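# Structural overview
Listed here are the chains, written in short residue letters.
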Amino acid sequence: MKKRIMIIGASIAFLLSAFAVSANDSLTQVMDSNPDFARFAQLINEGDIKALLAENEALTFLVPPNETLEAITAQASDDAEAVDRFLKGHILIGALSYDQLRTSEKVITLGGDTLSVALDSDGRVHIGDLVLTSEKNLGTELISVYSVSGPSDAVEKGEE
C-alpha cells in the first residue's frame with residue numbers, strides 16, 4: 001500500500017510540474033517556433049530583464065521586425081540599459097487577447113509606463129507609437145505575442 005501511495009504521489013507531482021510552465025518557458029517555446037521573433041528572444045536572453053519576466057505570470061509581447069531590432073542594437077550597442085528599456089516598453093503586463101487590446105484605453109508596460117490604445121479609421125490597433133500588424137495572438141495561455149510596426153526604431157540613451 002505504501003508503495004502504491006508513493007507511486008501515485010510521484011505521478012501527481014510529475015503532472016503538476018508538467019503544467020507549471022513559467023512565462024519564460026512559454027516565451028521560449030513561442031520565440032523558437034517563429035524566426036521573425038529570433039532577434040527579440042536573443043535580446044531578452046542577453047539582457048537583464050529575465051528576472052522581471054520570471055516575476056510576472058502573464059505578459060503580452062509586442063515584437064518589432066528583426067530588422068528594426070538590428071537597427072536598435074546597432075544604435076545602442078554600448079548601452080545595454082537602453083536596450084532593456086526598449087524591451088520593457090514592448091512588454092505589457094497581462095496576457096491580453098486581441099479583443100482586450102482593441103477595447104482598452106490604456107495598457108501598462110513592464111517598464112511601468114502607461115501607453116494609450118486607440119483604433120485608427122482602418123480598425124488597426126495603435127499602442128503608443130506601435131501598430132499591431134496582426135490580430136493573431138501567437139502566444140500561449142500565459143503569454144500573448146503580437147507583431148508590431150511603427151516608429152519603434154528610436155532608442156533613447158540614458159544620461160544619468
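For the structure given in this document, a descriptive report is provided here.

Rules of the game
Residues numbered from 1 in each chain as written. Predicted model: local features only at pLDDT ≥ 70, side-chain atom pairs only at ≥ 80, totals over all residues. Heavy atoms only, no water. Phe/Tyr/Trp six-rings, centres within 6.5 Å; stacked < 30°, edge-to-face > 60°. Helix = DSSP H or I, 4+ residues; strand = E, 2+ residues; numbered from the N terminus. Buried < 20%, exposed > 50% of the residue type's maximum accessible area, 1.4 Å probe, protein only. Core = buried A, V, L, I, M, F, W, Y, C linked by side-chain atoms within 4.5 Å. Contact = heavy atoms within 4.5 Å. Pairing = 2+ DSSP bridges. Axes fitted to C-alpha atoms, helices over the stretch in contact; angles between N-to-C directions. Parallel < 35°, antiparallel > 145°, perpendicular 65-115°, else oblique. Salt bridge = Lys/Arg side-chain N within 4 Å of Asp/Glu carboxyl O.

## Examining the packing of aromatic side chains
Evaluated as defined, the whole model comprises 1 aromatic pair. Judged by centre distance (6.3 Å) and plane angle (90 degrees), the ring pair of Phe-40 and Phe-61 falls under edge-to-face. Taken as a pair, Phe-40 in helix H3 (residues 38-46) and Phe-61 in strand E1 (residues 59-63) lie far apart in primary sequence, 21 residues in all. The exposure classification of Phe-40 matches that of Phe-61, with both residues buried.

## Focus on the nonpolar core
As a rule of thumb, nonpolar side chains are buried together in soluble globular proteins. By size, the foremost hydrophobic cluster in this structure holds 24 residues, and its most contacted members are Phe-40, Phe-61, Leu-87 and Ile-91. Contributing elements (two or more residues each) for this core: helix H2 (23-32), H3, E1, helix H5 (66-75), helix H6 (80-88) and strand E7 (143-149). Each residue touching Phe-40, except ones within four places of it in the same chain, is listed here: Met-31, Phe-61, Leu-62, Val-63, Pro-64, Asn-66, Leu-69, Leu-87, His-90 and Ile-91. Leu-96, Val-107, Leu-130 and Leu-132 belong to the second-largest nonpolar core, a separate cluster that totals 14 residues.

## Structural notes on the pairing of E7
Burial analysis of E7 places 6 of its 7 residues in the buried class, which makes it a mostly covered element. Pairing of strand E6 (residues 130-132) with E7 involves 2 bridges; the strand directions are antiparallel. Along E7, the bridge assignment pairs Leu-132 with Val-148.

## What about H6?
Restricting attention to buried positions, one finds in H6 the residues Ala-82, Val-83, Asp-84, Phe-86 and Leu-87. The inward-facing, buried residues of H6 contact H3, H5 and strand E2 (91-93).

## Looking at the packing of H3 against H5
When two helices pack together, their arrangement is given by the angle between the helix axes and by the axis-to-axis distance. Their axes nearest at 8 Å, the elements H3 and H5 cross at an angle of 40 degrees. It follows that H3 is oblique to H5 by the angle criterion. Within the contact between the two elements, H3 uses Ala-38, Arg-39, Phe-40 and Leu-43 and H5 uses Asn-66, Leu-69, Glu-70 and Thr-73.

## Details of the pattern of salt bridges
Two side chains with opposite charge may pair up if their charged atoms get near one another. Scanning all chains against the criterion turns up 4 salt bridges. A salt bridge links Asp-99 to Arg-102, with the shortest nitrogen-to-oxygen separation between them at 3.5 Å. Within this pair, Asp-99 and its partner Arg-102 are both found in helix H7 (residues 98-103), separated by 3 residues, close to a single helical turn. What makes Arg-102 partly exposed here is its relative accessible area of 34%. For Asp-120, the salt bridge goes to Arg-124, with nearest N and O atoms at 2.8 Å. Overall, Asp-120 belongs to the partly exposed group, its relative accessible area being 21%. A single network of salt bridges, built from pairs that share partners, joins Asp-120, Asp-122 and Arg-124.

## Re the pairing of strand E4 (residues 114-119)
Across 3 bridges, the pairing between strand E3 (residues 106-108) and E4 is antiparallel. For Val-107, the partnering residue across the bridge sits in E4 and is Leu-115. Hairpin geometry of E3 and E4 is characterised by an intervening segment of 5 residues between the two adjacent antiparallel strands and by a positive phi of about 90 degrees at Gly-112. Pairing geometry for E4 and strand E5 (residues 125-127), over 3 bridges, is antiparallel. Within the sheet, the bridge partner assigned to Ala-118 lies in E5 and is His-126. Joining the antiparallel neighbours E4 and E5 is a turn of 5 residues, in which Gly-123 adopts a positive phi near 85 degrees.

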